[in-house]
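# A structural walkthrough
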Amino acid sequence: MDDHSTNNDSAGESVRPLISSDLATPIYGLFGLGILYTLYLAHEIVMPIILALMTSLLLSPLVKKAYVTWRIPRVVSSLVLVMLVLAGIVGITLAVATPALKWVEEVPQGISRLLVGESEIRRQIARVTESAKQVEKSVEELSETEQQQPTAVVLQTDSWRSQLMAKARNGIAGLALALALTYFLLVSGDRLTRNFVRQLPIDQRKTVLRITHDSQHQIARYLGVLGLSNLAVGTITGLISWGAGLPDPAVWGLVAGLARFIPYLGNILSISMLTIVSAVSLDELWMMVIAPLGFLGLTTLVGLFIEPWIHGFRMAINPVVIFVSIFFWGWLWGPVGVLLAVPLMTVIQVVLKQIPKLRPVYKVIAR
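About the cut-offs
- Residues numbered from 1 in each chain as written.
- Predicted model: local features only at pLDDT ≥ 70, side-chain atom pairs only at ≥ 80, totals over all residues.
- Heavy atoms only, no water.
- Helix = DSSP H or I, 4+ residues; strand = E, 2+ residues; numbered from the N terminus.
- Buried < 20%, exposed > 50% of the residue type's maximum accessible area, 1.4 Å probe, protein only.
- Contact = heavy atoms within 4.5 Å.
- Areas by Shrake-Rupley, 256 points an atom, 1.4 Å probe, with all protein chains shown as cover.
- Salt bridge = Lys/Arg side-chain N within 4 Å of Asp/Glu carboxyl O.
- Phe/Tyr/Trp six-rings, centres within 6.5 Å; stacked < 30°, edge-to-face > 60°.
- Lys NZ or Arg CZ within 6 Å of the ring centre and 35° of its normal.

### Here we look at the overall build of the chain
Scanning the chain from N- to C-terminus turns up 15 helices and zero strands. The buried share among the 367 residues of the chain stands at 30%. If you take every contact in the chain between residues at least 6 apart in sequence, the share linking residues at least 24 apart comes to 72%. For the chain, the accessible surface area stands at approximately 24,200 Å², while carbon and sulfur atoms represent 68% of it.

### Focus on the pattern of salt bridges
Tallied over the entire structure, the rule returns two salt bridges. For D190, the salt bridge goes to K64, with nearest N and O atoms at 4.0 Å. With a gap of 126 residues between them, D190 in helix α6 (residues 160–198) and K64 in helix α3 (residues 43–70) connect regions that are remote in the sequence. Residue K64 is classed as partly exposed on the basis of its relative accessible area, which comes to 31%. Between D190 and R74 there is a salt bridge, with the nearest N and O atoms lying 2.8 Å from each other. With D190 in helix α6 and R74 in helix α4 (residues 74–115), this residue pair connects regions lying 116 residues apart in the sequence.

### Focus: the packing of aromatic side chains
The full count for this structure, using the stated rule, is six aromatic pairs. Geometrically, the ring pair formed by Y183 and F184 is edge-to-face, given 5.5 Å between the ring centres and 70° between the ring planes. Measuring from centroid to centroid gives 6.2 Å for F328 and W331, while their planes differ by 40°, and the two rings are tilted. Taken together, the positions of F328 and W331, both in helix α13 (residues 319–333) and three residues apart, correspond to about one turn of that helix. If you follow R71 out to its NZ or CZ, it ends over the ring of Y67, 5.2 Å from the centre.

Structure below.
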């Protein structure tokens, strides 16, 4: 009798869940918060790794095709593709950096001239400045009378140029790490994936391989179609800027095309940029609105016929989720997070769709 009860107790203990259902949700929540904190704290290491993974997913089909079709070794094709990516980044940076730095210095003065000019506001500011000079002179005379030497307080702050250079150095280091890791993933990533899949149960291997294949397919199609549409928008925007008489029209077309990789916010940024540059550079009101309205009409036309196909069929995610993800990843990782938000959501929706336990979440965020 005692042996039978003992066996029943041991059998009951063997099937008892390790985590109570009442505690499962809080523990999973804490685990999720821990992951987010780790992503935020280790962003200097995590961001290059994520960027390398996304780039390798995009370029891996090209490496495979080069090997299968022309028998080009992975080492050679991977090196060529990474060098092309590096050349594109350097070329875009050189094309945008010099005009951008010049306009960062000139735009505040131009806006001040535009808003103030020779109006009553400027005369009032001049009066306040003159009054401040008189007060300063009186204070200096009083200090000399009392024979007291004024104490000079010097606040040493880094200029925006030095801060920009520091961020540029960190960005270059992260970019170098991302490109190096991209190269190794292109060369040995498939072998690493196969070794990982072999360690999984047989019923899970197809799911992992399907997730990897679908992620490559979705990201390649999304970025490919979006890249072509943004190239067309950037080229036409440059022509519109040239026709309106804006300085450096090619730069504004390039920036407008690149900014459209950020859904919604990119268009707002481009319209604001073209409005400010037009207002500072041109004199007539009707000329100031040519570039902003032209870009608005162009991006609306492209959005009505191309972007619904991209986001609706290739990324079946609710626009609210996309918009929130842009802010979330931007808060977590800054400008790089904003650029990675949509590709990350592409991979996430593929994972959610392929795993049965996570499919309800996919149905919630779907369009």
